[in-house]
Number of protein chains: 2
Amino acid sequence: MKIAILGGTGKEGWGLGFRWAAAGHEIIIGSRLAEKGERAAEEMRAALPDDAAGAVSGTDNATAAAAAELVVLSVPYEAQEATLADVRAAVQGKLLVTVVAPLGQPKARVWRLPSGLSAAEEAQQQVGEGCTVVAAFQNISATHLRDLAHNPDCDVLICGERAADKDVVAGLCRDAGMRGVNAGALANAVIAEGLTAVLLGINIRHKISGAGIRITGLAEEE
Amino acid sequence: MKIAILGGTGKEGWGLGFRWAAAGHEIIIGSRLAEKGERAAEEMRAALPDDAAGAVSGTDNATAAAAAELVVLSVPYEAQEATLADVRAAVQGKLLVTVVAPLGQPKARVWRLPSGLSAAEEAQQQVGEGCTVVAAFQNISATHLRDLAHNPDCDVLICGERAADKDVVAGLCRDAGMRGVNAGALANAVIAEGLTAVLLGINIRHKISGAGIRITGLAEEE
């Protein structure tokens, strides 16, 4: 699939793109500045194994979004609104997968959004009904993504309105080496986003970098 | 420890009390009606292994709270306010561990509280500063608790303001056969409460009864 990663120069977006490129997807790294996107793409091409065939390019966010079939939003929450304003036209008719996890104020590990909505719901409001937002990968530490030989010991909560869209994202989870779990409606994204704050606090208290979650109780084969 | 379980006739509270009694704690099952508490205590005594020494009794909620060193609130969210009004005086100077997880309206699996606070924070507001509220066990399915030979494959998120209080609750997690993980401030209880809705949805979609979570990335010995 042709996937644009808005904010793909950041650790999380870059790591996801890296894994998807290694799995054969075509990755377009978007950034505020085209040249930063290009530079990140160059790094990704150099880091990929020789036999990983996915094509990787870089450009600005709007060009990336326009060229892609599926768009991933991976920017700091503070940049979400401006980034979406930039790509609003380009994402119409597409699936927008948001990775955004707002951090709490004043303490990152105590989380709450003033609007009462999740960042994912705010994104859905902003892009309008012509674009479908699915929230995923909020709880995946970037440290799990850079080493292709590493199997991340964590699940991905997937929140969205339509099962078919969530199935597409579950496929992207598998391609990145993880299990996606349907976590319900987009309103539930608030839980995945808040869990990021909880996991950050756990990282700090335990002096680790990659706390994650697993859903237990599912049949093994799932 | 002498533990009162308000709403201990319900599956979740009963199951926790059962495990704690088996671990040697003194359990006082509270209910709206003293005779319902007494009957649940009788059932618990009958179900306990002969060598499980914890004393088990039952009474009304206020009497139970007054007699205990630590009070567990395990009622449906809809009964939280009335129950706390009943025991407000009795819980002063004590630790109140709330297990309450509000279910979403209109759909149980889509969760949001109108006050903008977690149920745990609402509880803290209601009992006042003389009583300390810690949230825990929101994500533990009662199906994990009734069989003492079963090791629940799930962790307990513990949210509260003071580490020392959370250590006490972590001890209760161990006594019930589970690992407690410090999940930060009481404000984070909103995440554990919301996760209950997510897990409920997962149970429904996968036709299982005991979905839970594990925190991954911690050192094995923890």
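Look up: the structure comes first, before these words.
To keep things clear, this report deals only with the structure shown in the data block. (Residues numbered from 1 in each chain as written. Chains lettered and ligands numbered in written order. Predicted model: local features only at pLDDT ≥ 70, side-chain atom pairs only at ≥ 80, totals over all residues. Heavy atoms only, no water.)

**With respect to the pattern of salt bridges**
Within the structure shown, the criterion is met by eight salt bridges over all chains. D155 of chain A is paired through a salt bridge with R179 of chain A; the nearest N and O atoms lie 2.7 Å apart. Of this pair, D155 of chain A sits in strand β7 (residues 155-158) while R179 of chain A sits in strand β8 (residues 179-182), and the two are 24 residues apart along the sequence. Accessibility classification places D155 of chain A together with R179 of chain A in one group, the buried group. Note that D165 of chain B and R162 of chain B form a salt bridge whose closest N and O atoms lie 3.3 Å from each other. Exposure remark for D165 of chain B: the relative accessible area of 13% places this residue in the buried category. Put simply, D153, D155, R179 and R214 of chain A are held in one network by salt bridges that share partners. (Salt bridge = Lys/Arg side-chain N within 4 Å of Asp/Glu carboxyl O. Helix = DSSP H or I, 4+ residues; strand = E, 2+ residues; numbered from the N terminus. Buried < 20%, exposed > 50% of the residue type's maximum accessible area, 1.4 Å probe, protein only.)

**A closer look at helix α2 (residues 34-47) of chain B**
Residues and elements named next belong to chain B. Between its first and last C-alpha, α2 extends 20 Å over 14 residues, near the 20 Å set by a 1.5 Å rise per residue. Within α2, burial applies to G37, A40, A41 and M44. Within α2, the buried residues cover an arc of 105° as seen down the axis, which keeps them to one side. Along α2, the residues that are exposed and aim more than 90 degrees away from the buried face are E35, E42 and A46. Looking at the packing, one finds that the buried side of α2 touches α1 (11-22), β2 (26-31) and β3 (56-60). (Expected span 1.5 Å × (residues − 1). Arc of directions from axis to C-beta. Contact = heavy atoms within 4.5 Å.)

**Here we look at the packing of aromatic side chains**
For the coordinates displayed, the defined rule picks out four aromatic pairs over all chains. Ring centres 5.1 Å apart and planes at 20° place the aromatic pair W14 of chain A and F18 of chain A in the stacked group. You can see W14 of chain A and its partner F18 of chain A sitting in helix α1 (residues 11-22), four residues apart, about one turn around the helix. Judged by centre distance (5.6 Å) and plane angle (75°), the rings of W20 of chain A and F137 of chain A are edge-to-face. On the criterion of sequence distance, the pair formed by W20 of chain A in helix α1 and F137 of chain A in the loop between β6 (132-135) and β7 is long-range, its members being 117 residues apart. Here R146 of chain B stacks its cationic end above the ring of W14 of chain B, 4.1 Å away from the centre of that ring. (Phe/Tyr/Trp six-rings, centres within 6.5 Å; stacked < 30°, edge-to-face > 60°. Lys NZ or Arg CZ within 6 Å of the ring centre and 35° of its normal.)

**Let's talk about the relation of the copies chain A and chain B**
Placing chain A over chain B gives an RMSD of 0.0 Å and needs a rotation angle of 180°, together with 0.0 Å of translation along the axis. Read as a symmetry element, the transformation amounts to a two-fold axis. A shared binding surface is used by both copies, with 100% of the interface residues of chain A retained as interface residues in chain B. (Least-squares fit on C-alpha atoms with pLDDT ≥ 70 in both.)

**What about the interface of chain A and chain B?**
Counting from both sides, the interface comprises 36 residues of chain A and, opposite them, 36 residues of chain B. When chain A packs against chain B, close to 2,900 Å² is buried across both sides, 60% of that on carbon and sulfur atoms. Counting every contact that joins chain A to chain B gives zero salt bridges. Between chain A and chain B we count seven residue pairs in polar contact (both at pLDDT 80 or more) in total. (Buried area = accessible area lost by both parts, 1.4 Å probe. Polar contact = N/O pair within 3.5 Å; in protein donor to acceptor, adjacent residues only side chain to side chain.)

The quantities given are spatial measurements derived from coordinates; they are silent on function.
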